[in-house]
Amino acid sequence: MSDARVNLFGLSREGLEGFFAGLGEKPFRARQLMTWMYRFGNADFATMTDISKALRTRLAEIAEIRTPEIRSLHDAGDGTRKWMLSMDGGQAIETVFIPEPARGTLCISSQVGCAMDCSFCATGKQGFNRNLSAADIVGQVWLANRELGYRQDGDRIITNVVFMGMGEPLANYRQVLPAIRVLIDDFGFNISRRRVTVSTSGLVPQIDRLAEDCNVALAVSLHAADDALRDALVPINRRHPIEELLEACWRYAERGAGRHITFEYVMLDGVNDGEADMRRLAKLLANRPAKVNLIPFNPFPGTDYRRSPLPVIERCRDQLLRKGVRTTIRRTRGDDIDAACGQLAGQVNDRMRYRLGNKLVSISARAS
Ligand code: SAH
Ligand code: SF4
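Residues numbered from 1 in each chain as written. Chains lettered and ligands numbered in written order. Predicted model: local features only at pLDDT ≥ 70, side-chain atom pairs only at ≥ 80, totals over all residues. Heavy atoms only, no water.

A. Broad picture of the overall build of the chain. Counting secondary structure elements, the chain contains eleven helices and 16 strands. Looking at the chain residue by residue over its 368 residues, the buried ones come to 54%. Taking all contacts inside the chain whose residues are at least 6 apart in sequence as the whole, residues at least 24 apart take part in 65%. Of the accessible surface of the chain, which amounts to about 16200 Å², a share of 48% is contributed by carbon and sulfur atoms. (Helix = DSSP H or I, 4+ residues; strand = E, 2+ residues; numbered from the N terminus. Buried < 20%, exposed > 50% of the residue type's maximum accessible area, 1.4 Å probe, protein only. Contact = heavy atoms within 4.5 Å. Areas by Shrake-Rupley, 256 points an atom, 1.4 Å probe, with all protein chains shown as cover.)

B. Molecular detail of the site of ligand 1. Near ligand 1 lie 20 residues; those nearest to it are Phe 120, Gly 167, Ser 199, Ser 221 and His 223. Between ligand 1 and the protein, one listed contact pairs a nitrogen atom with a backbone N or O atom of Phe 120 at 2.9 Å. Here Ser 199 contributes a side-chain N or O atom positioned 2.6 Å from an oxygen atom of ligand 1. Relative to its unbound accessible surface of 530 Å², ligand 1 loses 96% to contact with the protein. Taken together, the elements giving at least two residues each to the shell around ligand 1 come down to β10 (196-200), β12 (261-267) and β13 (290-296). In the shell around ligand 1, the residues fall into nine nonpolar, nine polar and two charged. (Near = heavy atom within 4 Å. Polar contact = N/O pair within 3.5 Å; in protein donor to acceptor, adjacent residues only side chain to side chain. Nonpolar A, V, L, I, M, F, W, Y, C, P; charged D, E, K, R; others polar.)

C. Quick peek at the confidence of the model for the chain. Across the chain, the average pLDDT comes to 88, with 88% of residues at or above 70. Low pLDDT (under 50) marks residues 349-368, which in the prediction has 49 contacts with non-local residues, meaning those over four places away or in another chain. (pLDDT = per-residue confidence, 0-100.)

D. Structural view of the site of ligand 2. Every residue near ligand 2 is listed here: Cys 114, Met 116, Asp 117, Cys 118, Cys 121, Gly 124, Gly 167, Glu 168 and Ser 201. Taken together, the residues that form the shell around ligand 2 break down as four nonpolar, three polar and two charged.

E. A look at the sheet that holds β12. The ten strands lie next to each other as β3-β4-β5-β6-β9-β10-β11-β12-β13-β14, forming an open sheet whose pairing is mixed. Single-partner strands in this sheet number two, and they are β3 (69-75) and β14 (326-329). Across the sheet, the mean angle separating the axes of adjacent strands is 20° when strand polarity is ignored. Across three bridges, strand β11 (residues 217-221) lies against β12 in parallel orientation. Counted as the bridge partner of Ser 221 is Glu 264 from β12. Set on the sheet, helix α9 (residues 242-255) makes contact with β11, β12 and β13; between it and β12 the angle comes to about 140°. (Pairing = 2+ DSSP bridges. Axes fitted to C-alpha atoms, helices over the stretch in contact; angles between N-to-C directions.)

F. View of helix α6 (residues 173-184). With twelve residues, α6 ought to run about 16 Å at 1.5 Å a step, and its terminal C-alpha atoms sit 16 Å apart, in line with that. Counting buried positions along α6 yields nine of twelve residues, so the element is predominantly enclosed. Restricting attention to buried positions, one finds in α6 the residues Tyr 173, Val 176, Leu 177, Pro 178, Ala 179, Ile 180, Val 182, Leu 183 and Ile 184. Packing partners of the buried residues in α6 comprise α2 (28-39), α5 (134-147), β9 (160-163), β10 and α7 (204-213). (Expected span 1.5 Å × (residues − 1).)

G. Highlighting unusual backbone geometry. One non-glycine residue, Asp 117, lies in positive phi territory at about 65°. Of note, Asp 117 is situated in the loop between β7 (111-113) and α4 (122-126). A relative accessible area of 8% means that Asp 117 is categorised as buried.

H. Quick peek at the packing of aromatic side chains. Going through the model one piece at a time under the given rule, you end up with eight aromatic pairs. A centroid spacing of 5.5 Å and a plane angle of 50° characterise the contact between Phe 9 and Tyr 38, whose relative ring orientation is tilted. Of this pair, Phe 9 sits in the loop between β1 (6-7) and α1 (13-22) while Tyr 38 sits in helix α2, and the two are 29 residues apart along the sequence. Per residue, the accessibility class of Phe 9 equals that of Tyr 38, and both read buried. Between Phe 297 and Phe 300 the ring centres are 6.2 Å apart and the planes differ by 65°, which places this aromatic pair in the edge-to-face class. On the basis of relative accessible area, Phe 300 is assigned to the buried category, the value being 14%. (Phe/Tyr/Trp six-rings, centres within 6.5 Å; stacked < 30°, edge-to-face > 60°.)

I. Representation of a negative patch on the surface. Negative charge collects at one region of the surface, where Asp 227, Glu 243, Glu 244 and Glu 247 lie side by side. With respect to the helices and strands, Glu 247 occurs in helix α9. (Patch = residues over 30% accessible without salt bridge, like charges linked within 9 Å, V, L, I, M, F, W, Y side chains within 5 Å. Salt bridge = Lys/Arg side-chain N within 4 Å of Asp/Glu carboxyl O. Lys, Arg positive; Asp, Glu negative; His and termini not counted. Charge placed at Lys NZ, Arg CZ, Asp CG, Glu CD.)

J. The packing of α6 against α7, seen in detail. The interhelical angle for the contact between α6 and α7, taken along N-to-C directions, is 25°, at an axis separation of 12 Å. When the axes of α6 and α7 are compared, the pair comes out roughly parallel. Crossing of α6 over α7 shows right-handed handedness. Between α6, through Tyr 173, Leu 177, Ile 180 and Arg 181, and α7, the contact on the second element is made entirely by Gln 206, Arg 209, Leu 210 and Asp 213. (Parallel < 35°, antiparallel > 145°, perpendicular 65-115°, else oblique. Left-handed = near helix turned anticlockwise from the far one by under 90°.)

Here it is as structure tokens:
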């Protein structure tokens, strides 16, 4: 039975070395296996010719390389591609590939649903179901590479990976950290740590841990420049208010040798796009290692928010630029297939809804 076998997919190099040590094998076996799995996209022990036949047979008995499965594929008119991947129990998560002239970005999910309950987010409105395993997270990159026709000797198709799909990555730290390690490992996907971005709604203790463990690029979903408004938009702010969050950000940037933090700011018409909002935002971020990314709000069924009109978004950008804050406007991609930021809803069954403090507020179930 496959359940009895250990899944080697998604283990970090240290984890795999531990596994091989348990079999009395040398650490270099981990590097061999990683090369086969991640560089050659191979999930079949039988074809791994530089591993002895006896060991391959043993591996097939006790271990497996189990990757997620694709349930459906959607292509947007602008080249954006979205896969819905099947998880256990009828759940599904979404992974989005966004091609651009000089890079290819894969936007991956870290949880089925999300418990953070941000008021403007389709994933948040679905509620939380479960954390993804490191194998599920790494598997999204593996599958997308395969589907996009990646050849090891060819140019990279996926140059950047962003944790901006479903879920709050830092709420699933135990699985996200080994997954990041595989993404940046020379024998894994070998992606530069500057090209792996973790986006968080602001879990301060985990931001500090990430700084220590693995200094990848950090994006923070700020969305408001005062606590009263941020409390309403991003409820985790009630636990870690703006000042505390920003202090953690500057500590993080310092560890990364002055690299900037990206602050995401969703543009909600009449909610957070006023001149006073931008004045406050500029005050918080001026003369800091910060960059602002203004994200036009992507609507979804059942929301009352509206996207700020483009002239307003441009006015906000100009106001911030005048104060010396580096600011860009995110181009909306893939919205015709609901693949844009915050539109990823996947399929969340036996939905559970948590509020701050993990107090269970309501549970509902939906047939798959
Ligand atoms: N949970 C993490 C990462 C996933 S969300 C986080 O919140 O940072 C990725 C980005 O999309 C976040 O900045 C999030 O605030 C933003 N977002 C969520 N819903 C959105 C929507 N409806 N329109 C535009 N951006 C949205
Ligand atoms: Fe979760 Fe991020 Fe959506 Fe907030 S914006 S509910 S943290 S996925």
